[in-house]
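# Tertiary structure, described
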Amino acid sequence: MSASDDAPSDDTRDDLALVATGIAKVYGATCALRSARLALRRGRVHALLGENGAGKSTLVKILVGAVTPDAGHIALAGAPVAFGSVTQAIRAGIVPIYQHLSLFPELSIHENLSAFALAAGGGLWTGRRLVDPARARGWLKEVGLDVDLAAPLGSLSLGERQLVEVARALSLDCRVLVLDEPTAALNADEADRLFAVVRRLCASGTAALFISHRFDEIEALADEVTVLRDGRTVIDAAPIGRHSREELTHAMLGAGVEAAPARLSERAAPVLVGRGLAAGRHGRGSLDVIVHAGEIVGLAGLIGSGALSLAATLGGAQAGPGELSVGDASFMPGDRRRAAALGIAYVPADRHAEGLFGALSARRNASVSGLGRLARLGWLRARAEAQMVDPLLRRLKLHPALPEAEAATFSGGNQQKLLIARGLAVPGLKAMVLLEPTRGVDVAARGVIHDAIREAAASGVAVLVATSDLDELMVLAHRYLVVREGTLAAELPRSAPRAALLAALSGSAAA
Amino acid sequence: MTPRAEGRARFLVAPAAILLAAGLFGVASPGFLSLDNGLSMAGQIWILALLAVGQMFAIAARGFDISVGAVAALSGTLGAMAANAIGLPGLLLAVPVGLACGTVNGWLIGRARFQPIVATLGTLLAVKGLALLVSDDGQVVPLEAAARAAALSFDAVAGLPPLGWAALAAVGLAHVVLRHMLVGRRILMLGSNPEAVALVGAVPWRIEMSAYQLCGAFAGLAGALMTARAGAGLPTEGAGMELQSIAAAVIGGTVLAGGRANVWAVLAGATFVQVVLTGLNLSGVSPFIAQIAVGAVILASGLMDAGLRTLLTRFSRLSPPKGTFR
Amino acid sequence: MMAKRLPGTSRPLRLSRPPAVALVCLGLFLLCCAFVPRFATFGNIENVLRVASILCVVACGQAVVILLGGIEFSFGASAALASVVTVMALPVLGPVGGLATGGASVIAIGAVNGFLVGRLALPPVIVTLGTLMMASGAAAWLVGGLPIDAPPSAAFSWPARGRVLGVPVPILAALLACAALHLMLAHGRIGRLWYHVGANPVAARLAGLDVTRITTLGYAVAGAFCAVGAIILTSRVASGQPALAPNLPFETIAACAIGGLPLSGGRGRVSQVVFGVLTVAMLNNAVVLINLPVAWQLVLLGLAVLAAVGLQKDWAVLARLARRTDR
């Protein structure tokens, strides 16, 4: 299957609401978008699919005016447009709905519904900028919300807030509605309400762009689908139902390398054991996870499934129900200090916010968890530090090989190597918990990191890798645990074919 | 506690604290609850109240201004000079002087992206020095119309001295600005969700600047009041005022993380600080002990803010704690 | 040494590169020598160093707090409290005991600040402003608002006026303080932990560090530096002064900011603090020597802070460019 299978639609058709062609965007050394194409039709819901790093979020940012493309054209109802700001895009009728980014929790619902009018332009008084309460109530009714206009937005649930955001879109002359993973925080009932509103809007001629990882929702709501991979459109505006879930997932992830994972010699002793854990904040505390010595367990889950949350709990980084133990010693979820002291390394998913000490040198970044071992009477032995960390940095091929350079000056892939090295340098390492260990990392660094993880496992460390990257899972893991909607949906052996994994991930009947 | 109830409870802390403190001091010193004392305190609270209301704008925009005390001293001194030159209304020059200082703070913080603490520390030092320079190294500037100024500051008309009424009007104006004017609403929007402000089409730095401008203007007005009450421009006054104003604003329910404020509650916060000071004074406690009490009140305000914040995150789904996933 | 350099390293990094503020400081020194009358005399230079030394000791403490991403306003008030406590304790405990008691009270205030910031996660500004009020209230209350004189005693005046091998004790204390801070920051475990917590507290927690304890300890150590400064100040004024050094926190913060320590934490070296302190001390001295009103000290200090922080961004850009051309 390739782009050529789908006849490119005729860009001059008059029911096209928005057409973006040849969109490219380069950030520094990384090419986020190479040549993306997207055509939305009036009155249709269009799903946009793509894995992390496929360029989806960049494309959305370009459409809503938050980012300027390096190349390509955008036409709105046949007329070429170029947006310098989000406000311009909104004035032109492209209304984005973010997860809960653009609402004001401390302000009233009425004020939130009037936010665009309140924010822009001169004038003195708020009174005339607030939308007519009757109309505001009408919009809220349309999205199925029965709430007091004067109540603060913060008193609503996340799902209800999302609906407020949709209600606010109704106040604008909306030609293209952009829904960026709107259901991530919603329960089923709230999602249904949202879909009903979107369908009603589309019935009156609005085009909707719907970004989601949940196939159920896409099948329920979308009329057409576009798939991005590596910054290119690989499926262009295909009617929903033409491709099966497996075909779509395959298009998202590419052919992939079905390399056999390292061989696990024998069933070893359990090392990292979690009982009664929860995946995601709304999950129930009922999940058990056991990782054995020398084993790499792949925790798979699409975004929003709770897989990352479960992994963070196992690493001791996130509080929640249940209990954890490593060897004979037990610790509470959230007690990261004890977890580290017991020899559990943790590599967080958000490198910059939770992992890197940008102001400190590469060596210091790598040695932080092993400082206790380097100190004699409170004195750090510099040579011991270098002896502990530098071989790791060498093995991970840190480039440039300057352990004394500031971490912030390295590329993303090399910063990630520092976090891996930090994990490997944990004294008495018994288990490693890695979240998205190669997100946004170049191919070479990725290979190096994978090798390091395999080596660690081969030396008897219990490894848990949580990732939304299927290729990574298949080259690393001895065993797969699939998390879907906060539950452990399946456990598959390493021999499981890709299709079975895809089915388990997407929750299709084939599973 | 639901977030909504929490939102209201926050603004009730200061009035409740006033009642409690007044009750305690009433028992400790019988004179405290007399009408005379009430009226006398009603005349005293306004300098702190104006500073706290100004501070409220800065805090609501997720910052704070530690230069307000120095700004009040400088603008009060310049106001006294202007009053001596062109008559008592010249005292009002204090307001544009305060506004100018606030504009500098606002530009540094909003446009040049200084941290509020650095920017206002820099202006605090510079303004303090300027106040000394214009006044010949800290000499007080006696007001020629001191008698009239004193009459305006101390002789009650219908319960409050005329300048008290003027300050009350200014506080009322602050309420109008916060609740009914675009400037105030945008400051609350910025404090509530800084990332979203640009997404809905506002210009964040202008909003931030306006918050510090309001803060500076109110500090200027407080300086004018200070001069009128003292009958002289006091270039070295105002140290410690910035602390009291932050405490009053926070006790008045202003969220340190921004986005939520109520002018009347801040007025109550300022009143509470004054009640504590006066009450301790009437109870025969040394004024220095009262200073310790104000320090304790500042720490308590921080604890209150942190406590309510913890409740908020624990019992609502507003924002997840740091280092976790949504 | 193989362990220190990875293959591919072109040459060892010049870690001891002088901070940018050193140039500013040197320039100011030359300007003062050329244009300020009586500046370049031995007596005046020693005087500048003497003033700078107290500032330097306390600025070392301020630097620890700033490294942690915090700020400390209570130094002046706690120094005042220390002076009062010292003089009151003199008749009972003697000069050494009195000074020790005064110093201990400063450390205690630092530890309280650290606990409130580290354990209860209160904003450092609010906490240290609160303890500032309480300490200065307590200092004034203890002596009824008026300074009390200390009985003259050689031991008591030694910290301010004594000499060891011809070097004035305050200058020696400043050297020792700088050396101690340098050892802690460059070679000590605790200093390293301060850098980590200041650079990224969330990452520090996830790396398994005890952020609460590290922060508390940092504020207490900062208090210890301030305690040394307070002892010298008390000895110099030979009395218990409830309004001893109200500008001390401002001057130390200014020195650190001028030295180039970002107030966001995680970065900074002792040399930056030293040059920042020298710049502040020379500015103050020059204002006096040129016969400008003393108020100019404050104005210049404020402007210097704003200029230094404003330039910091540009310096960072320059430094990055320089690194890039190094490769």
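Model, not experiment: these values are computed from the prediction.

With that settled, consider unusual backbone geometry. With an omega dihedral of -5°, the bond running from A:His399 to A:Pro400 counts as a cis peptide bond. Tracing the backbone through its elements, the reader meets A:Pro400 in the loop between α15 (382–395) and α16 (412–424). One non-glycine residue, C:Arg38, adopts positive backbone phi at about 65°. Here C:Arg38 shows up in the loop between α1 (20–35) and α2 (42–67). Since 8 C-beta atoms lie within 10 Å of it, C:Arg38 is described here as exposed.

Residue and element names in this part refer to chain B. Its 19 residues place the ends of helix α8 (residues 162–180) 26 Å apart at the C-alpha level, agreeing with the 27 Å of an ideal helix rising 1.5 Å per residue. What α8 keeps buried is the set Leu163, Gly164, Ala167, Ala170, Val171, Ala174, Val177 and Leu178. Along the long axis of α8, the arc covered by the buried residues comes to 130°, so they all point the same way. Where α8 is buried, its residues meet α2 (35–44), α3 (46–60), α7 (146–154), α9 (182–192), α11 (204–230) and α13 (263–282).

Reports of interface size often rely on the accessible area that becomes lost once the parts have come together. Taken residue by residue, the interface counts 28 residues in chain B and 34 residues in chain A. Looking at the side of chain B that touches chain A, the elements that each hand over two or more residues are α1 (3–28), α9 and α10 (194–199) of chain B. A class-by-class count of the residues in the side of chain B that touches chain A yields 12 nonpolar, 10 polar and six charged.

Residues and elements named next belong to chain A. The four strands lie next to each other as β12-β11-β14-β15, forming an open sheet whose pairing is antiparallel. Looking at the sheet topology across the chains shown, the edges are occupied by β12 (287–292) and β15 (329–331). Each strand of the sheet is rotated relative to its neighbour by a mean of 15°, with strand direction disregarded. In this fold helix α10 (residues 307–314) packs onto β11 (270–277), β12 and β14 (323–326), with an angle of close to 120° to the strand it touches most, β11.

This brings us to the UniProt feature "transmembrane region" (unreviewed entry) in chain B. Mapped onto this numbering, the UniProt entry annotates "transmembrane region" (unreviewed entry) at residues 12–33, 39–59, 66–86, 92–110, 117–134, 163–182, 263–282 and 288–308 of chain B. Along residues 66–86 of chain B one finds 90% helix and 0% strand; the C-alpha atoms at either end are 31 Å apart.

Let us now look at the interface of chain B and chain C. Taken together, the contact between chain B and chain C spans 38 residues of the former and 42 residues of the latter. Counting residues per element, the ones that place at least two in the side of chain B that touches chain C are α6 (116–134), α12 (241–251) and α14 (287–315) of chain B. Counting residues per element, the side of chain B that touches chain C draws most heavily on α6(B), which supplies 13 residues. Taken together, the residues of the side of chain B that touches chain C sort by class into 25 nonpolar, 10 polar and three charged.

Further remarks concern the confidence of the model for chain A. All names here are of chain A. Per-residue pLDDT for chain A has a mean of 83; in total, 91% of the residues score no lower than 70. Below a pLDDT of 50 lies the segment residues 1–9, which in the model reaches 13 contacts outside its immediate sequence neighbourhood of four places, other chains included. Contacts from residues 257–261, a stretch scored under 50 in pLDDT, to residues over four places away or in other chains number 10 contacts.

On to the pairing of strand β21 (residues 479–484) of chain A, then. Residues and elements named next belong to chain A. Counting buried positions along β21 yields five of six residues, so the element is predominantly enclosed. Strand direction decides the pairing type here: strand β13 (residues 296–300) and β21, joined by four bridges, are parallel. Pairing of leucine 299 across the sheet is with leucine 481, part of β21. The pairing of β21 with strand β22 (residues 487–493) spans six bridges and is classified as antiparallel. When the bridges of β22 are listed, arginine 479 appears paired with proline 493. Connecting the antiparallel pair β21 and β22 is a turn made up of two residues, with glutamate 485 showing a positive phi of about 50°.

Parameters and conventions
- Residues numbered from 1 in each chain as written.
- Chains lettered and ligands numbered in written order.
- Predicted model: local features only at pLDDT ≥ 70, side-chain atom pairs only at ≥ 80, totals over all residues.
- Helix = DSSP H or I, 4+ residues; strand = E, 2+ residues; numbered from the N terminus.
- Buried ≥ 20, exposed ≤ 12 C-beta atoms within 10 Å, placed from the backbone.
- Expected span 1.5 Å × (residues − 1).
- Arc of directions from axis to C-beta.
- Contact = placed C-beta atoms within 7 Å.
- Nonpolar A, V, L, I, M, F, W, Y, C, P; charged D, E, K, R; others polar.
- Pairing = 2+ DSSP bridges.
- Axes fitted to C-alpha atoms, helices over the stretch in contact; angles between N-to-C directions.
- UniProt positions renumbered as here; feature names shortened; annotations may be inferred.
- pLDDT = per-residue confidence, 0-100.

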